[in-house]
Amino acid sequence: MDDEKLKYDTILTHAGRDPSRHLGAVNTPVYRASTILFPTLAALEAKEGTKLRYGRRGTPTTHALEDAVCALEKADRALLAPSGVSAISTILMSFAEPGAHILMTDSAYGPARKFCEFTLRKFGVETTYYDPTVGAGIEALIRPETKLIWMESPGSQTFEVQDVPAIAEVARRHGIVTAIDNTWSGGYFCQPLTQGVDISIQAGTKYISGHSDLLLGTIACRAEQYDRLRETYLRFGVCVGADDAFLALRGLRTMAVRMAHHHQSGLEVANWLLQQEEVCRVMHPGLPGDPGHTLWRQQFTGASGLFGFVLRPADRPALGRMFDGLSLFGMGSSWGGFESLLVPSNPSVYRSATTWAPGGQTVRIHVGLEDPADLIAELRAAFDRLRE
Ligand SMILES: *Cc1c(COP(=O)(O)O)cnc(C)c1O
């Protein structure tokens with residue numbers, strides 16, 4: 001396959017697949033393996049140099065997914081972790097040493113912050129949180145001991161778009177490694193490594209899986225970062241089972257059509273919400289009025305189905321009526337599956353470099369693959385109950 005000439009969607013359909021090596025099977029089968037046997041003493045002695053040597057170090061199924069993740073993120077190398085959080089902590093740990101300093105966006109996914117506050121702090125690593133909209137101004141926060149700049153764009157819960165190329169450029173000039181949580185775009189709408197970032201992680205749990213039945217983390221990186229990450233990865237025994245890798249590959253094959261639908265329906269619902277009197281703000285970078293819209297247009301080719309909005313002040317019983325009567329929208333953690341979700345969120349509690357005081361209840365919405373007309377009808381009924 002001459003990848004150079006093919007369009008991105010075509011590459012995603014074929015990457016990490018070689019039926020000729022699997023008796024013609026279209027999908028790489030599930031290789032459940034811990035022990036790998038070597039036929040001769042000479043082969044056993046040479047195993048250090050072989051790709052297949054022990055299940056924890058990968059099987060044909062996980063290797064296929066690594067190859068597909070490289071294609072998705074336009075990366076040199078990829079590593080797989082059992083969850084998004086595991087991918088995050090593997091990277092953060094790779095840059096930890098006594099006295100080291102990390103810069104992390106204030107809009108980062110909560111558990112990424114917690115890893116810095118609870119785990120890295122114990123080893124003498126200090127983290128400074130920065131305003132997600134800092135852009136090239138990040139330079140003023142850099143110290144001689146700064147080892148890593150962590151980004152997430154758009155931010156968890158609040159959806160600020162970061163000036164990723166500007167931050168990556170400053171970091172490069174100072175010899176600092178950059179990492180980004182790219183879960184929102186699924187990797188499909190944004191490939192941060194093409195914008196100067198060194199490491200891109202995802203909760204593959206979300207859009208790569210696409211079906212709410214799998215936990216997975218992906219780490220995509222430049223060749224220069226691979227050995228350092230791989231070292232931490234091996235020491236912690238991070239690995240992914242073949243069944244989960246198989247499901248992730250299966251999800252990835254339909255990513256192009258799913259993401260196009262999330263983009264379209266998400267914007268339709270966001271535009272509708274913008275016109276509702278119960279809603280005082282919609283945080284969706286695809287809306288022309290959103291503060292991050294220009295940056296989003298420069299850095300992304302589309303929007304996923306996840307965004308936020310803020311309700312006008314309402315009391316707890318009214319919110320209870322609104323949320324309890326939902327049937328298409330589910331209430332629960334995670335997102336990126338085929339189903340729609342609606343959950344209240346409270347970003348105010350963990351912010352430290354910026355404040356989040358939007359003047360009403362913040363809500364996170366995931367627009368799934370249902371017909372958006374049905375979703376809008378359900379939201380209209382929910383707002384009716386809110387007003388009762
Ligand atoms: C869900 C999520 C994660 C963590 O993924 P898990 O697989 O649940 O560990 C990481 N980052 C972001 C932005 C997420 O939304």
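Not measured: the values here are computed from a predicted model.

Participant: Would you mind going over the site of the ligand with me for this structure?
Facilitator: Inspection of the region around the ligand gives 14 residues, with G84, V85, D181, T205 and K206 positioned closest. In this structure, an oxygen atom belonging to the ligand sits 2.5 Å away from a side-chain N or O atom of T205. For the ligand, whose unbound accessible area comes to 380 Å², protein coverage reaches 90%. Considering only residue class, the shell around the ligand consists of six nonpolar, five polar and three charged.

Participant: Before we go on, may I ask you to explain the domain arrangement of the protein in this structure?
Facilitator: Size of an interface, as often reported, equals the accessible area lost when the parts are brought together. When the domains of the protein are assigned, the result is domain 1 (3–253) and domain 2 (256–387). Each of domain 1 and domain 2 was reduced to a C-alpha centroid, and the two centroids are 27 Å apart. Listed as interface residues are 39 residues of domain 1 and, on the opposing side, 38 residues of domain 2. Interface area, domain 1 with domain 2, both sides summed: about 3200 Å², of which 59% is carbon and sulfur. The tally of links between domain 1 and domain 2 comes to one salt bridge.

Participant: I'm lost on the sheet that holds strand β11 (residues 362–366) in this one. Help?
Facilitator: Hydrogen bonds along the backbone pair up the strands of a sheet, which may run parallel or antiparallel. The strand order across the open sheet built from four strands is β8-β9-β11-β10, with neighbouring strands paired in antiparallel fashion. The open sheet has two edge strands with one neighbour each: β8 (279–283) and β10 (341–345). In this sheet, neighbouring strand axes are inclined to one another by 25 degrees on average, regardless of whether the strands run parallel or antiparallel. Note: strand β9 (residues 306–311) against β11, five bridges, orientation antiparallel. Bridged to F309 within β11 is V363. Relative to the sheet, helix α12 (residues 372–387) contacts β8, β9, β10 and β11, its axis offset from that of β9 by approximately 25 degrees.

Participant: Even after reading the chapter, I still don't get the pattern of salt bridges, so can you show me in this structure?
Facilitator: Here the idea is simple: oppositely charged side chains can pair when their charged atoms come close. This model, assessed by the stated rule, comprises 16 salt bridges. A salt bridge links K147 to E97; the nearest nitrogen and oxygen atoms lie 3.9 Å apart. Separated by 50 residues along the polypeptide, K147 in strand β4 (residues 146–152) and E97 in the loop between α4 (84–94) and β2 (101–105) bring together distant segments of the chain. On the accessibility criterion, K147 (29% relative accessible area) is partly exposed.

Participant: Can you help me understand the sheet that holds strand β7 (residues 217–221) in this one?
Facilitator: Ordered in space as β1-β7-β6-β5-β4-β2-β3, the seven strands form an open sheet in which the pairing is mixed. Both edges of this open sheet fall to β1 (77–81) and β3 (126–130), since each of them pairs with a single strand only. Ignoring strand direction, the axes of neighbouring strands in this sheet form an average angle of 20 degrees. The pairing of β2 with β4 spans four bridges and is classified as parallel. Bridged to H101 within β4 is T146. Contacting β1, β6 (199–203) and β7, helix α3 (residues 60–73) runs over the sheet at an angle of about 120 degrees to β1. Set on the sheet, helix α5 (residues 110–119) makes contact with β2, β3 and β4; between it and β3 the angle comes to about 145 degrees.

Participant: Looking at this structure, I do not really get α4. What am I missing?
Facilitator: In an α-helix, one full turn covers 3.6 residues, which means residues spaced three or four apart are oriented alike. Extensive coverage of α4 is indicated by the burial of nine of its 11 residues. Taken residue by residue, α4 has G84, S86, A87, I88, S89, T90, I91, L92 and S94 as its buried positions.

Participant: Just checking my understanding: could you explain unusual backbone geometry for this structure?
Facilitator: Across residues other than glycine, the phi torsion is negative in most instances, and most of the peptide bonds are trans. Of the consecutive residues S153 and P154, the connecting peptide bond is found in the cis state with omega at -10 degrees. Note on placement: P154 falls in the loop between β4 and α6 (164–173). Phi angles above zero are rare outside glycine, and L23 is one such case at about 55 degrees. Secondary-structure assignment places L23 in the loop between α1 (8–14) and α2 (41–45).

Participant: Please explain the nonpolar core as it appears in this structure.
Facilitator: Within soluble globular proteins, side chains that are nonpolar tend to cluster in buried spots. Counting 72 residues, the largest nonpolar core has I91, L92, W150, Y188 and I199 as its most contacted members. The element best represented in this core is α3, accounting for seven residues. Counting contributing residues per domain, this core is built from domain 1 (3–253) and domain 2 (256–387), each supplying no fewer than three. Among all residues touching W150, those that are not within four sequence positions of it are I88, I91, L92, L103, M104, T105, A108, A112, Y130, A179, D181 and I201. Counting 27 residues, the second-largest nonpolar core is a separate cluster that includes A270, L319, I365 and L375.

Definitions and limits used
- Residues numbered from 1 in each chain as written.
- Predicted model: local features only at pLDDT ≥ 70, side-chain atom pairs only at ≥ 80, totals over all residues.
- Heavy atoms only, no water.
- Near = heavy atom within 4 Å.
- Polar contact = N/O pair within 3.5 Å; in protein donor to acceptor, adjacent residues only side chain to side chain.
- Areas by Shrake-Rupley, 256 points an atom, 1.4 Å probe, with all protein chains shown as cover.
- Nonpolar A, V, L, I, M, F, W, Y, C, P; charged D, E, K, R; others polar.
- Domains from an automatic or database assignment.
- Contact = heavy atoms within 4.5 Å.
- Buried area = accessible area lost by both parts, 1.4 Å probe.
- Salt bridge = Lys/Arg side-chain N within 4 Å of Asp/Glu carboxyl O.
- Pairing = 2+ DSSP bridges.
- Helix = DSSP H or I, 4+ residues; strand = E, 2+ residues; numbered from the N terminus.
- Axes fitted to C-alpha atoms, helices over the stretch in contact; angles between N-to-C directions.
- Buried < 20%, exposed > 50% of the residue type's maximum accessible area, 1.4 Å probe, protein only.
- Core = buried A, V, L, I, M, F, W, Y, C linked by side-chain atoms within 4.5 Å.

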